[in-house]
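# Fold and geometry: a report
Here is what each chain is made of, one letter per residue.
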Amino acid sequence: MNVTPASVAQAALACHGDEPGALLPILHAVQDALGHVPREVVPQIADGLNLSRAEVHGVVTYYHHFREEATGKHVVQVCRAEACQAMGGDALMAHAERALGCHTHGGHGGTSADGQYTLNPVYCLGLCASSPAMIVDEKLHARMSPARFDQVIAKLGAAA
Amino acid sequence: MSAVTIYVPRDSAALAVGADEVAATLRAECARRGLPVNLVRNGSRGMFWLEPLVEVTVPQGRVAYGPVAPEDVPGLLDAGLLTGAAHALCHGITEQIPYLAKQERLTFARMGITDPLSIADYEAHEGFAGLRAALAMKPEAIVQQVLDSGLRGRGGAAFPTGIKWRTVAAAAAAQKYIVCNADEGDSGTFSDRMAMEGDPFMLIEGMTIAALSTGATRGYVYIRSEYPDAIATMTEAVRRATAAGFLGDDVLSSGRAFELIVRKAAGAYVCGEETAMLESLEGKRGIVRAKPPLPALEGLFGQPTVINNVISFATVPLILSRGASYYRDYGMGRSRGTLPMQLAGNILHGGLVEKAFGVTLRELMFEFGGGCATGRPIKTAQVGGPLGTYLPESQWDLPIDYEAYAAVGAVVGHGGIVVHDDTADLSKLARYAMEFCAIESCGKCTPCRIGSTRGVEVIDKIMAPHSTKHNKPQQVQLLRDLCDTMVNGSLCAMGGMTPYPVLSALDHFPQDFGLANPNRQAA
């Protein structure tokens, strides 16, 4: 079967639709499968849960975790919170922006022109005693430095 | 030769520095040498500067080696790792390492010792003893034990846990809920994460006891999306506990039902506020609700709901198994028991330190933490997360106690301590506090939504190079007025406490704002 946004949303509705407060589990299921929550599935999910499109759109856009746009091949999230700032988190983020060719501002991330990387700020990964920290796709990295950052990214390239 | 038991932690702070690679190398290298080993993935002991910390069981106890890199493994085996032999990375018997030996681990008694997902291991270390005791008690008696223990909410608000439970128990409703707030978003805190990854059955047991005492039959654990390992471990632990009869329609054949569901949050800091979390669980935007009604009476889906933090629930099994007075005998004043504190940021020996209330920040930062990781003097520490104050050296000798901290306008919060060295610029950290509030505000109330953005702008004006002696005091006054509005006019702690770090930076470190004499300029 072809995996389309509509089929993914349908499967998520079938799996979670009867749970009380099902919207977040459904959106997680869609994003886990597709990498983001495309706008085209919003009416379908709204229909399935008997909500308005505005309600579903409101939830998708409220939470930092949910993305409406496709990301780069790898998602790099660098912690910007205080414990990481105390150990050079600002310098790590600046290095990541240069190394990946991504720009971030405030709470917003950016994707590199070649579509390889999306760089996002993240606010605490719970690795505050081993800072600065980051998460690449689903893998955590702590005690980071610009040099270690380059090693982690080089390994991604080698694995691709 | 019988297999030697080796431990390599699976806590995400160990995984983030290569614990999986170390475990794989150990397995492969021992197999190559024909050495039979039983490799257990335990939780972390909470000494994160030593992670990955490999432990080997010998007749005298467990011997610690760390931090171990994969390339250290052959040399360690050559030196006699499996017999606990000496090596440059060896720290002797783990429990005798002063950092651990000086602690009072009550809630975290099993942390790093057991296999987090082994029910047998959990039960061999006093696990489910509290639940079994609770099953033999009347619901009111359970609540009384929790009240008598003096346990207060460990999420930060420090509200007496037993009173919350009593309110829910007394409410009449067909459906009640137990909700665990595991949206631990404060920078510098990781005790909830460690508990969920390193001893998940303890949380399940605590929530089940809460259900028995209040008549709730359904519970949720709301875990932040930034904690993928905690979500995976909790989900598996719930599955195993249900399969073994500790959860489900008939908890330990008592005829009582309790179903537990793990929910993944979606990256909104404000969902750590209890009513915003309820909205999120209901599938809505995480917008703060006005109180009253109290969630204990009208909470999740409008029903009576117990909401506690991970550590609050996790402490209850011990109170039930050893009795309220055992726990209450630790601590000072109205702060009873212990607090698992977290040493973080620029600190040489960062990690989890569980101590009775009354310990001082100076003891934690120097006797446990060993000073800054950079080797420079400590300038300040922020205690209690992004909404906590920056404490100057004059406050480092205060006992860590909810009331003693409140008396100087500081907060103990969730026990997170973020240390900064003397290169820290407090004007930058104050600006960050406002910026973070602007990013994370739910937008419901004006002081928080607009005030945070104005706060960033005013701090920028104070710090601008063209800021003169003439207009700087005006801007500082404006910042103080704005903070006053946020403190007194915000709906929840997000806007109401963002001024805490800002004002403490301004009051205690005026030089960082280019203010020579704070008393004259910012009265």
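Residues numbered from 1 in each chain as written. Chains lettered and ligands numbered in written order. Predicted model: local features only at pLDDT ≥ 70, side-chain atom pairs only at ≥ 80, totals over all residues.

## Side note on the overall build of chain B
Test applied: For the purposes of this entry, the term helix denotes a DSSP run of H or I that reaches at least four residues, the term strand denotes a run of E that reaches at least two, and both are numbered from the N terminus. The globule rule used for comparison is 2.2 Å times the number of residues to the exponent 0.38, while the radius of gyration itself is calculated over C-alpha atoms. Exposed residues have 12 or fewer other C-beta atoms within 10 Å of their own C-beta, buried residues have 20 or more, and residues in between are partly exposed; the C-beta atoms are placed from the backbone. Any two residues are considered in contact once their C-beta atoms, placed from the backbone, lie within 7 Å.
If you tally the helices and strands in chain B, you get 22 helices and 16 strands. Relative to the globule expectation of 24 Å for 523 residues, the C-alpha radius of gyration of chain B, 24 Å, shows essentially globular dimensions. Relative to its 523 residues, chain B shows a buried fraction of 57%. Pairs at least 24 residues apart make up 72% of the contacts formed inside chain B by residues separated by at least 6 positions.

## Description of the pairing of strand 8 (residues 259-264) of chain B
Worth spelling out the cut-off: What makes two strands pair is DSSP finding at least two bridges between them.
Relative to strand 8 of chain B, strand 7 (residues 218-223) of chain B runs parallel, the two being bridged by six bridges. Bridge pairing in strand 8 of chain B places Gly219 of chain B opposite Leu260 of chain B.

## Observations concerning the interface of chain B and chain A
Filter applied, for reference: Side-chain classes are defined by residue name, with Ala, Val, Leu, Ile, Met, Phe, Trp, Tyr, Cys and Pro counting as nonpolar, Asp, Glu, Lys and Arg as charged, and the others, Gly among them, as polar.
Contact with chain B, which involves 49 residues of that partner, is made by 36 residues of chain A. Mapped onto the side of chain B that touches chain A, the elements with two or more residues apiece are helix 1 (12-15), strand 8, helix 12 (274-281), strand 12 (338-345), strand 16 (416-421) and helix 17 (426-440) of chain B. For the side of chain B that touches chain A, the leading source of residues is strand 12 of chain B, giving four residues. Within the side of chain B that touches chain A, the residues separate by chemical class into 23 nonpolar, 17 polar and nine charged.

## As for the sheet that holds strand 16 of chain B
All names here are of chain B. An order of 13-12-16-14-15 is seen for the five strands of this open sheet, with the pairing classed as mixed. Here the strands that pair on one side only, and so sit at the sheet edges, are strand 13 (351-356) and strand 15 (390-391). Pairing of strand 14 (residues 378-383) with strand 15 involves two bridges; the strand directions are antiparallel. Bridge assignment links Ala381 to a residue of strand 15, and that residue is Leu391.

## Focus: the domain arrangement of chain B
Residues and elements named next belong to chain B. The criterion, for reference: The source of the domain bounds is an automatic or database domain assignment.
Looking at the assigned domains, one finds that chain B contains domain 1 (4-101), domain 2 (119-328), domain 3 (331-421) and domain 4 (426-521). Taken over C-alpha atoms, the centre of domain 3 sits 23 Å from the centre of domain 4. Among the residues making up the side of domain 3 that touches domain 4, the classes are represented as five nonpolar, three polar and no charged.

## Concerning the packing of helix 7 (residues 139-149) of chain B against helix 13 (residues 310-322) of chain B
All names here are of chain B. Note the following rule: Each axis is a line fitted through C-alpha atoms, and for a helix only the stretch in contact is used; angles between axes span 0 to 180 degrees, taken between their N-to-C directions. In this scheme, roughly parallel covers angles under 35 degrees and roughly antiparallel covers those over 145, while 65 to 115 is roughly perpendicular and the rest are oblique.
Packing of helix 7 against helix 13 brings their axes to within 10 Å, and their N-to-C directions diverge by 105°. Classified by the angle their axes make, helix 7 and helix 13 are roughly perpendicular. Counting all contacts with helix 7, which are made through Ile142, Gln145, Val146 and Ser149, the residues of helix 13 involved are Val316, Ile319 and Leu320.

## Considerations on the environment of Gly107 of chain A
By the secondary structure assignment, Gly107 of chain A is in the loop between helix 6 (89-100) and strand 2 (110-111). Leave out the neighbours within four places in its chain, and Gly107 of chain A touches His64 and Pro121 of chain A together with Ile439 of chain B.

## Quick notes on the packing of helix 10 (residues 200-214) of chain B against helix 13 of chain B
Residue and element names in this part refer to chain B. At a closest axis distance of 7 Å, the pairing of helix 10 and helix 13 adopts a crossing angle of 80°. Looking at the two axes, helix 10 sits roughly perpendicular to helix 13. Residues Met202, Leu203, Glu205, Gly206, Met207, Ile209 and Ala210 of helix 10 form the contact with helix 13, whose own contacting residues are Val310, Phe313, Ala314, Val316, Pro317 and Leu320. For the contact of helix 10 with helix 13, the residue count by class is 11 nonpolar, one polar and one charged.

## Section: the sheet that holds strand 1 (residues 4-7) of chain B
Residue and element names in this part refer to chain B. Spatially, 2-1-3-4-5 is the arrangement adopted by the five strands of the open sheet, whose pairing is mixed. Of all strands in the sheet, those bounded by a partner on one side alone are strand 2 (37-40) and strand 5 (90-93). Taken over all neighbouring pairs, the strand axes of this sheet differ in orientation by 25° on average, direction set aside. As judged from the two bridges shared by strand 1 and strand 3 (residues 54-58), these two strands associate in the antiparallel manner. Paired with Tyr7 across the strands is Glu55, a residue of strand 3. Sheet strands in contact with helix 2 (residues 19-32) are strand 1, strand 2 and strand 3, and its direction is about 170° off that of strand 2.

## Brief notes about the nonpolar core
Selection rule: In plain words, the nonpolar core is the set of buried Ala, Val, Leu, Ile, Met, Phe, Trp, Tyr and Cys residues that C-beta atoms within 7 Å link up.
Counting residues in hydrophobic clusters, the biggest one holds 215 residues, and the most contacted among them are Ala133 of chain A together with Val179, Leu203, Ile204, Tyr222, Ile223 and Ile417 of chain B. Contact partners of Val179 of chain B, with chain neighbours within four places excluded, come to Gly219, Tyr220, Tyr222, Leu281, Leu300, Thr305, Val306 and Ile307 of chain B.

## Observations concerning the environment of Val22 of chain B
Residues and elements named next belong to chain B. As for its placement among the helices and strands, Val22 is situated in helix 2. In this structure Val22 comes out as buried when scored by C-beta crowding, with 25 C-beta atoms within 10 Å. Taking the C-alpha atoms as reference, Val22 lies 54 Å from Ser467; in sequence the two are 445 residues apart.

## Details of helix 10 of chain B
All names here are of chain B. Quick reminder of the rule: Here the expected length of a helix is defined as 1.5 Å per residue gap, with one fewer gap than residues.
For helix 10, spanning 15 residues, the distance from its first C-alpha to its last is 22 Å, which sits close to the expected 21 Å at 1.5 Å a residue. Within helix 10, 15 of the 15 residues are buried, which leaves it mostly tucked inside the rest of the structure. Looking one or two places after helix 10, you find Gly215, whose phi comes out positive at around 85°.

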